[in-house]
Amino acid sequence: MRRTIAVRCATAVAAGALALAVTACDAPASPGGEGDGGDGGGGGTQASDLRVGLAYDIGGRGDKSFNDSAYRGLQRVDEELGVAEVNDLEPSQDEPDSAKVDRLRLMADQDFDVVIGVGFAYAEPMREVAPDYPDVHFAIIDEEIDDLDNVTSLVFAENEASFLAGVAAAHTTEEDHVGFVGGVETPLIQKFEAGFAAGVEHVDDGIEIERQYLSQPPDMGGFQDPAAGKSAARSQYDAGADVIYHAAGASGNGVLEAATEEEKYFIGVDSDQYENAGDEQKPWVVTSAMKSIDTAVFDFVSAVAEGEVESGVQRFDLSDGGVDYSDSNEELISPIREEMDEAKQQIIDGEIEVPTSP
């Protein structure tokens, strides 16, 4: 893209104030899911008039996972909808919640029609900002806000995709020993852990599972520390695991480095991490537990343009393709595809109920 997204907007905290640089992002003008809540603001705005802003979670663009999936959705908005402007804003490391408040408020003040917060960390900032801008359509990914008329929550059944990651790990391990690396031990990331462990145990409850989190709240650094991810993965491989699944954002890049160096297996998250892996890394990427954040972002903006946006909670799961497993590594997936698809269908049919907490 972006003709205009190529220059990213930086954030910095100095003397308690947030300094933000917002660059107008020109796109050529062109003609212009099911929610639990009510109308999010009435009639639509023609696509060619829309200004769309997206604020990243910790780790930012380039994490090859969660944030990059949101960015792909923004690319589609720019390229396919022909909106007037798009902008993406990066967080700064170790920033306070007040920086997120200022980031959302800045975009609303600058007359963005759509403002999307990527990640649960935007929940309280959005609750503070959104009521002051009733004509702005806000969306938040991975957190449920159901009581604000101009906020739509885009949430996913991460536990279901993680269950399939567990099935893949159980069928891939040669040592009957696998691992999980979580970024920060929050309820959201525990959903990944719970689903993964359930999937492993569904295949063979005798398989040993290593589990480690890189940080504890309020320290969110576990999502942006590849060195810590690599160290945790090395420890788990040294302990005997030969397949590791991560839900650690940018820290997962370190997990993949360790897998490649140790010649052990890796399962990615959120994006298809096989596609983003280097040639020397690809043979070790079994699959990824994917969340269609990109599609959710695109569909939300499309709904705004069509005047059909709804507030409340929109849920995406295996049944609607909102989550799934990737099959890019045909060599590793082909032998276990039947088992993967059988487990997937059992979840869709309600024959398997996947837990949401460990």
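Attention here is on the structure that accompanies the text. (Residues numbered from 1 in each chain as written. Predicted model: local features only at pLDDT ≥ 70, side-chain atom pairs only at ≥ 80, totals over all residues. Heavy atoms only, no water.)

## Concerning empty space enclosed by the protein
Here is the rule we go by: Points on a 1 Å grid over protein atoms alone make up a cavity when a 1.4 Å probe fits among them but cannot get out, and a pocket when they form an open set with protein on both sides within 12 Å along at least five of seven lines; lining residues each have an atom within 4 Å of a point. Grid points are joined across faces, edges and corners, and a volume is the space filled by probe spheres set on the points. Secondary structure is summarised from DSSP: a helix means a run of H or I of at least four residues, a strand means a run of E of at least two, and numbering begins at the N terminus for each. The nonpolar class holds Ala, Val, Leu, Ile, Met, Phe, Trp, Tyr, Cys and Pro. Asp, Glu, Lys and Arg form the charged class, and all remaining residues, Gly among them, are polar.
In this structure, the largest cavity spans a volume of roughly 170 Å³. D57, F66, I189, F223 and D270 are the residues nearest the centre of the largest cavity, which is lined by 18 residues in total. Those elements giving two or more residues to the lining of the largest cavity turn out to be α1 (66–81), α5 (187–203) and β11 (265–270). Broken down by element, the lining of the largest cavity gets its largest block of residues, three residues, from α5. Per-class residue counts for the lining of the largest cavity are 10 nonpolar, three polar and five charged. Space inside the second largest cavity adds up to approximately 50 Å³. Of all the elements in the fold, those that place two or more residues in the lining of the second largest cavity are α7 (252–262) and α8 (273–276).

## Section: the packing of aromatic side chains
In this description, an aromatic ring pair is defined by two values, namely the gap between the centres and the angle between the planes. Using the following cut-off: Each Phe, Tyr or Trp ring (for Trp, its six-membered ring) is paired with any other whose centre lies within 6.5 Å, and the angle between the two planes then decides the class: stacked below 30 degrees, edge-to-face above 60, tilted in between. Only protein chains enter the accessibility calculation, which uses a 1.4 Å probe. A residue is then buried if its area is under 20% of the maximum for its type, exposed if over 50%, and partly exposed in between. To sit over a ring, a charge needs its Lys NZ or Arg CZ within 6 Å of the ring centre and within 35 degrees of the ring normal.
All told, the structure shown has six aromatic pairs when counted by the stated rule. Taking the centre distance of 5.9 Å and the plane angle of 50 degrees together, the rings of F180 and Y245 count as tilted. Taken as a pair, F180 in strand β8 (residues 177–184) and Y245 in strand β10 (residues 243–247) lie far apart in primary sequence, 65 residues in all. Of the two residues examined, F180 and Y245, each falls in the buried class. One aromatic cluster in this structure is built from F180, F196, Y213 and Y245. Across from the ring centre of Y71, 4.0 Å away, lies the NZ or CZ of R61, which sits over that ring.

## Let's talk about the layout of surface pockets
Considering only enclosed or pocket space, the largest pocket measures out at about 380 Å³ in volume. Considering the residues around the largest pocket, the lining is formed by 23 residues, among which E144, F156, E158, L188 and K191 are closest to the centre. In this structure, the second largest pocket encloses a volume near 260 Å³. If you go around the second largest pocket, you meet 16 residues; those closest to its centre are I58, E95, K100, P218 and M220. Residues belonging to the lining of the second largest pocket are distributed by class as follows: five nonpolar, six polar and five charged.

## A word on the environment of G221
Threshold: A contact between two residues is defined here by any heavy atoms of the two lying within 4.5 Å.
As for its position among the elements, G221 is in the loop between β9 (208–215) and α6 (226–238). It is 9.8 Å that separates the C-alpha atoms of G221 and A248, two residues lying 27 residues apart in sequence. What G221 contacts, discounting residues up to four positions off in sequence, is S215 and S251.

## Here we look at the pattern of salt bridges
Rules: By salt bridge we mean one thing: a side-chain nitrogen of Lys or Arg within 4 Å of a carboxyl oxygen of Asp or Glu.
Across all of its chains, the model carries 20 salt bridges by this definition. E144 serves as the salt-bridge partner of R315, at 2.8 Å between the closest nitrogen and oxygen. Separated by 171 residues along the polypeptide, R315 in strand β13 (residues 312–316) and E144 in the loop between β6 (137–141) and β7 (151–156) bring together distant segments of the chain. On the basis of relative accessible area, E144 is assigned to the partly exposed category, the value being 40%. With its nearest N and O atoms 3.1 Å apart, the salt bridge here joins K291 to E158. Of this pair, K291 sits in strand β12 (residues 285–291) while E158 sits in helix α4 (residues 158–172), and the two are 133 residues apart along the sequence. For the residue pair K291 and E158, the accessibility class agrees, reading buried in each case.

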